[in-house]
Amino acid sequence: KQFYMKRLKKHFGTGKRVSLYSLDEIDIENTSWFDWFNDEKICLFLQKHYKPNTKSDQIDFFRSVKKSKNDIIFGLVDTNNKLKGICGIHQINYINRNCEISLVIGEKTDNDDFALEATYLILNHIFLTLNLNKVKMGNFKGLRSWFLKLNDAFGFEKEGVLKKEVFKNGVY
């Protein structure tokens with residue numbers, strides 16, 4: 001109970017279904033976060049699942065992000081304070097005021113509204129707290145419907161197509 005009670009004090013933004021949560025190493029120890037990247041279905045459209053991910057690997061990644069001045073990660077917790085996913089702000093460029101975002105939902109949620117609300121919260125943090133001007137994100141062909149939802153909800157625009165950029169599932 002102490003583990004979940006501690007989470008209540010560390011929210012960075014709260015919506016109806018999801019809150020941005022400041023992660024600790026204890027989250028790696030007490031959840032299946034590290035194992036999400038071993039799940040082929042979760043990683044279907046991610047640049048992950050190339051090698052097994054261990055708790056030790058996840059701790060190393062977490063420590064490197066925490067040390068970085070250009071990366072921020074948050075946990076995504078539901079109304080019961082259960083860790084359902086993570087999102088990140090990466091390659092933050094404070095001079096040109098832009099960044100990239102990532103979003104991974106590792107635990108089953110009720111519907112896409114959880115991910116959309118998480119995106120809304122992270123965008124609020126980017127624009128209203130960090131005072132950045134532009135957000136970049138990539139997606140694979142298979143995520144076209146998801147990109148259209150983001151475009152409808154938040155006004156994302158396609159600026160370009162990177163051809164044969166990523167090798168995934170046997171194809172570029």
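Since this is a predicted model, take the numbers as computed values, not measurements.

What counts, and where the lines are drawn
- Residues numbered from 1 in each chain as written.
- Predicted model: local features only at pLDDT ≥ 70, side-chain atom pairs only at ≥ 80, totals over all residues.
- Heavy atoms only, no water.
- Helix = DSSP H or I, 4+ residues; strand = E, 2+ residues; numbered from the N terminus.
- Buried < 20%, exposed > 50% of the residue type's maximum accessible area, 1.4 Å probe, protein only.
- Contact = heavy atoms within 4.5 Å.
- Areas by Shrake-Rupley, 256 points an atom, 1.4 Å probe, with all protein chains shown as cover.
- Expected span 1.5 Å × (residues − 1).
- Arc of directions from axis to C-beta.
- Salt bridge = Lys/Arg side-chain N within 4 Å of Asp/Glu carboxyl O.
- pLDDT = per-residue confidence, 0-100.
- Core = buried A, V, L, I, M, F, W, Y, C linked by side-chain atoms within 4.5 Å.
- Polar contact = N/O pair within 3.5 Å; in protein donor to acceptor, adjacent residues only side chain to side chain.

A look at the overall build of the protein chain
A count of helices and strands for the protein chain gives 6 helices and 6 strands. Sorting the 172 residues of the protein chain into buried and exposed places 39% on the buried side. The contacts of the protein chain with a sequence gap of at least 6 include a subset with a gap of at least 24, amounting to 57%. For the protein chain, the accessible surface area stands at approximately 11000 Å², while carbon and sulfur atoms represent 50% of it.

A closer look at helix α4 (residues 55-67)
Relative to the 18 Å expected for 13 residues at 1.5 Å per residue, α4 spans 18 Å between its end C-alpha atoms, a close match to the ideal helical length. For α4, the full list of buried residues reads Gln58, Ile59, Phe62 and Val65. What you see down the axis of α4 is that its buried residues fit within an arc of 130°, all on one side. Residues of α4 that are buried make contact with α2 (25-30), α3 (33-36) and β3 (72-77).

Some words on the pattern of salt bridges
Close approach of charged atoms allows side chains of opposite charge to pair. In this structure the tally under the stated criterion is 6 salt bridges. Linking Glu107 and Lys82 is a salt bridge whose minimum nitrogen-to-oxygen distance equals 3.7 Å. In this pair, Glu107 sits in the loop between β5 (98-105) and α5 (112-129) while Lys82 sits in the loop between β3 and β4 (83-93), placing the two residues 25 residues apart along the sequence. Of the charged contacts, one joins Glu159 and Lys134 as a salt bridge, the two residues approaching to 3.0 Å between their closest N and O atoms. Within this pair, whereas Glu159 is found in the segment after α6 (144-154), its partner Lys134 is found in strand β6 (residues 134-136), the two being separated by 25 residues in sequence. What makes Glu159 exposed here is its relative accessible area of 66%.

Let's talk about the confidence of the model for the protein chain
Scored by pLDDT, the protein chain has a mean of 83; 84% of the residues are at 70 or more. Between the elements of the protein chain, mean pLDDT differs from a low of 44, seen in helix α1 (residues 2-7), to a high of 95, seen in β4.

Some thoughts on the environment of Leu103
Inspection of the secondary structure assignment puts Leu103 in strand β5. Overall, Leu103 belongs to the partly exposed group, its relative accessible area being 26%.

Quick notes on α5
Taking 1.5 Å of rise per residue, the 18 residues of α5 would be expected to cover 26 Å, and the 25 Å separating its terminal C-alpha atoms lies within 8% of that figure. Along α5, the residues classified as buried are Phe114, Ala115, Leu116, Glu117, Ala118, Thr119, Leu121, Ile122, Leu123, His125 and Ile126. A positive phi of about 60° marks Asn131, the residue just after α5.

Structural notes on unusual backbone geometry
Despite not being glycine, Asn81 shows a phi value in the positive range, around 60°. Within the element layout of this structure, Asn81 appears in the loop between β3 and β4.

With respect to the nonpolar core
Counting residues in each nonpolar core, the largest one holds 21 residues, and the members touching the most others are Leu20, Leu76, Ile89, Cys99, Ile122, Ile126 and Val135. Only β3, β4, β5 and α5 provide two or more residues apiece to this core. Per-element tally for this core: the top contributor is α5, with 7 residues. In terms of nonpolar packing, the next biggest core, distinct from the first, is built from 15 residues, Leu23, Cys43, Phe62 and Ile86 among them.

Things to note about the side chain of Ser19
Along the polypeptide, Ser19 turns up in strand β2 (residues 19-21). In this structure the side chain of Ser19 is engaged in a polar contact, spanning 3.2 Å, whose partner is the side chain of Thr14. Among residues more than four places away in sequence, those in contact with Ser19 are His11, Gly13, Thr14, Gly75, Leu76, Val77 and Leu121.

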